[in-house]
Amino acid sequence: MSNDWTIVVGVKQVPDSDEVTIDPDTGRLDRANAPAVLNTPDRNALEAALALRDEVGGEVIAISMGPPNAAEVLEESVAMGCDDAALITDRAFAGSDTWPTSYTLAEAVKYFDADVVVCGEETTDSSTGQVPPGIAAHNGWAQLTYVEELEPRPEENQLIAVRDVEGGHERVAADLPVVVAFAFGENEPRPASLHRKIYAENDFEPMELTAEDLGIDEDDVGLDASPTQVGGMDTVSPVDRKEQIVETPEELIEALAETEVFS
Amino acid sequence: MTEAEQQVADAEDVWVFIEEHAGEVMNVSWELLAEGRTLADKIDEQLVAIVIGEDVDDVAEEAIQRGADRALVADDPVFEPYRADPYGTQFRHMVEEWNPSIVLIGGTHTGRDFAGRVAVPTWAGLTADVTKLDVDEDGLLQAKRPAFGGNVLATIVCEDHRPQMATVRAGVFEAAEPDPDREGEIEHVDVVVSEEETISEVIERVIGDTADITDADRIVAVGGGAEGDVSPAVELAEALDAELAASRKAVDEGWVEASRQVGQTGKTVRPELYVALGISGAIQHLEGMKDSRVVVAINDDPNAAIFEHADYGIVGDIFEIVPQLVEAIEAGAELQEVAQ
Ligand SMILES: Cc1cc2nc3c(=O)[nH]c(=O)nc-3n(C[C@H](O)[C@H](O)[C@H](O)COP(=O)(O)OP(=O)(O)OC[C@H]3O[C@@H](n4cnc5c(N)ncnc54)[C@H](O)[C@@H]3O)c2cc1C
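The structure contained in this document is the topic of the report that follows.

### Here we look at the nonpolar core
Item 1. Counting residues in hydrophobic clusters, the biggest one holds 41 residues, and the most contacted among them are V116, V118, L144, L150, L159 and V180 of chain A.
Item 2. For this core, the element with the highest residue contribution is helix α1 (residues 40-56) of chain A, accounting for seven residues.
Item 3. Once you skip the residues sitting within four places of it in the chain, V180 of chain A turns out to touch V116, V117, V118, C119, L144, V147, L150 and L159 of chain A.
Item 4. Grouped together as the second largest cluster of nonpolar side chains are 35 residues, W30, L32, I43 and A176 of chain B included.

### A few points about the sheet that holds strand β11 (residues 168-175) of chain A
Think of a sheet as strands paired side by side through backbone hydrogen bonds, with each pair either parallel or antiparallel.
Item 1. Strand order in the open sheet formed by 10 strands is β13(A)-β7(A)-β6(A)-β1(A)-β8(A)-β12(A)-β9(A)-β10(A)-β11(A)-β13(B), with mixed pairing between adjacent strands. Here the strands that pair on one side only, and so sit at the sheet edges, are β13 (207-209) of chain A together with β13 (200-207) of chain B. Pairs of neighbouring strands in the sheet enclose a mean axial angle of 30 degrees, with direction left out of account.
Item 2. For β11 of chain A and β13 of chain B, the ladder comprises seven bridges, and the chain directions are antiparallel. What sits directly across from H169 of chain A, in β13 of chain B, is V206 of chain B.
Item 3. Against the sheet, α1 of chain A engages β1 (5-10), β6 (58-65), β8 (116-120), β9 (142-153), β10 (158-165) and β12 (178-182) of chain A, with an angle of about 175 degrees to β1 of chain A.
Item 4. Strand contacts of helix α2 (residues 71-80) of chain A: β6 and β7 (84-88) of chain A, with the helix running at about 165 degrees to β7 of chain A, the strand carrying the most contacts.

### Topic: the packing of α1 of chain A against α2 of chain A
For any two helices packed against each other, the geometry comes down to the angle between their axes and how far apart the axes lie.
Residues and elements named next belong to chain A.
Item 1. Between α1 and α2, the least distance of the axes is 11 Å, while the angle of their chain directions is 40 degrees. Relative to α2, α1 is oriented oblique. The two elements α1 and α2 meet at a crossing, and its hand is right-handed. Residue-level inspection shows R43, L46, E47 and L50 of α1 in contact with α2, the latter providing E76, S77 and M80.
Item 2. Of the residues in the contact of α1 with α2, the class split is three nonpolar, one polar and three charged.

### Looking at the interface of chain A and chain B
Item 1. Every contact between the two is made by 79 residues of chain A and, on the other side, 78 residues of chain B.
Item 2. Both sides of the chain A and chain B interface together cover about 6600 Å² of buried area, and 55% of this is carbon and sulfur.
Item 3. At the boundary of chain A and chain B, one finds six salt bridges.
Item 4. Among the ionic pairs, R248 of chain B bridges to E121 of chain A, the shortest N-O distance being 3.1 Å.
Item 5. Counting every contact that joins chain A to chain B gives 38 residue pairs in polar contact (both at pLDDT 80 or more).
Item 6. Take the side of chain A that touches chain B: its biggest share by element is eight residues, from β11 of chain A.
Item 7. Taken together, the residues that form the side of chain A that touches chain B break down as 33 nonpolar, 26 polar and 20 charged.
Item 8. Bridging between strand β14 (residues 229-235) of chain A and strand β10 (residues 152-157) of chain B involves six bridges; their strand directions are antiparallel. Residue G232 of chain A lies in a different strand from β10 of chain B, and its bridge partner there is T155 of chain B.

### Description of the side chain of N44 of chain A
Residues and elements named next belong to chain A.
Item 1. Mapped onto the elements, N44 comes out in helix α1.
Item 2. The exposure class of N44 is buried, given its relative accessible area of 3%.
Item 3. When neighbours within four sequence positions are excluded, N44 is seen to be in contact with F182, A183, F184, G185, E186, N187 and P189.

The rules behind the values
- Residues numbered from 1 in each chain as written.
- Chains lettered and ligands numbered in written order.
- Predicted model: local features only at pLDDT ≥ 70, side-chain atom pairs only at ≥ 80, totals over all residues.
- Heavy atoms only, no water.
- Core = buried A, V, L, I, M, F, W, Y, C linked by side-chain atoms within 4.5 Å.
- Buried < 20%, exposed > 50% of the residue type's maximum accessible area, 1.4 Å probe, protein only.
- Helix = DSSP H or I, 4+ residues; strand = E, 2+ residues; numbered from the N terminus.
- Contact = heavy atoms within 4.5 Å.
- Pairing = 2+ DSSP bridges.
- Axes fitted to C-alpha atoms, helices over the stretch in contact; angles between N-to-C directions.
- Parallel < 35°, antiparallel > 145°, perpendicular 65-115°, else oblique.
- Left-handed = near helix turned anticlockwise from the far one by under 90°.
- Nonpolar A, V, L, I, M, F, W, Y, C, P; charged D, E, K, R; others polar.
- Buried area = accessible area lost by both parts, 1.4 Å probe.
- Salt bridge = Lys/Arg side-chain N within 4 Å of Asp/Glu carboxyl O.
- Polar contact = N/O pair within 3.5 Å; in protein donor to acceptor, adjacent residues only side chain to side chain.

The following block contains the structure:
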């Protein structure tokens, strides 16, 4: 038996959060015009996965669930150093909330016989953080969230993590297979090398997997299988701020005295 | 009626998970008891505290005093310290046994870690990071959560599945106060997990003194602009009698402890005065402080987004401006003393 690990990284294409604007007339979000980018925390997940492979050996496969154009983030992952990539794509998945999404990804990581699944902490577009624990729950696997450091223990078939917990840290050992949610900003994602970039852009095509390929019943995914629905969207009128620039600390203190924050 | 419809029809009661670590209860749990009480009264059902841990009868007792009608207690060494798999399995078992209508869990790292392990196997609706809750007369929970950095509030509903679960942000509700005369029922439940079945092990756990910035009246927050030296912020906080807080950047760099982080993945604060030093004003940061009454920003970049979300701004280097500001505040304090 070899100690090589199959490491699957979940990545997602999201609208660039700096570019999402609100239509002042309708109050609706204008996501369509925001360019699609790789979810920032997923870069930390990719780095964590590649670093694990560097230590233990094995391969890193990036997967993404989404429409065909989501293949772009897979190319980026391959450019960073992933060995392979798969796009999980099917009309049947449309409208999935976190329940069917994590179910689909749970089936996908089983398909690849993953030892370790690494995800970002959360996505910048929906920020639920529910998908990594959801994958673990669907498969009955161990999970490690808010992870800041990983120490592989291939001889014990375990992965040890330093996790951020409220007010401190803990070191937890989990049995493989395990799902990791790696905390945003906790490592330095490696840049893509030029030759990997050229390879990813010109010679690489991610494989595509449909519900049928994964043995998923269409009734178990998509809008109808999603327990939650969006019941409405309200724009939050931002608190009106004075936006007054003052020159000196003295002026600032005078202004604050008027607001009565100093009693 | 299908099985799922029956489950929806039969579901009752509002559950609040009381998060404790080594006997220490997270304040968000008491906040949720207050909110849970309101919801339960609205639909005329019971408020049930869920207590999981070791030797937690005191916690259950306090939950009753703070508004629960009943406490269900799972007491066993396997639950200390917290791990996702035993907590998830035990909680799931309890959900399947009692079929609650609503389940509220604090949006802490712990709460967000195991909520999915309950929602997935029970096919429950789970809404993350809720900041507003309501329930209609049919018992349908309206869970509101900020989307896109708080520019919109999305209402999430779950019509066809039970329980309706939500993780709820810390600091958005007032904590329930204890009433020593309140009485309720404490019930010990079967523990369905054992150490042999667990798939993870906590090797070490180090917890510092955690600051609670959510109640502070005045906050001085520091960001990337401090470049490793947060002393101006500390001095200003002292001069203003304020709590020190930080952006994620300052926390990730290790300059300020994580319990003081403000923002989407940190805490929600709403002080009278919020001073942002060297903070750019990223949406994830704004989400945690945008309800502050008066916001002051000091930043050397006149185009920093924070100025659009501040009442007063000074464009300049915090290492120059803040010491002057501290001096001016202290001079002002002296004047006041002389005047008295
Ligand atoms: C999923 C996710 C969750 C996140 N959650 C949070 C969160 O909860 N809280 C949070 O804060 N962020 C969060 N972020 C990060 C957020 O996007 C920003 O990266 C972060 O807030 C930036 O921190 P900053 O403004 O302090 O630092 P920087 O971006 O480094 O900005 C520093 C600012 O200081 C100014 N400056 C530099 N030097 C000086 C000086 N000497 N004097 C005065 N000004 C100076 C600069 O002009 C700049 O405006 C999250 C991001 C993601 C992706």
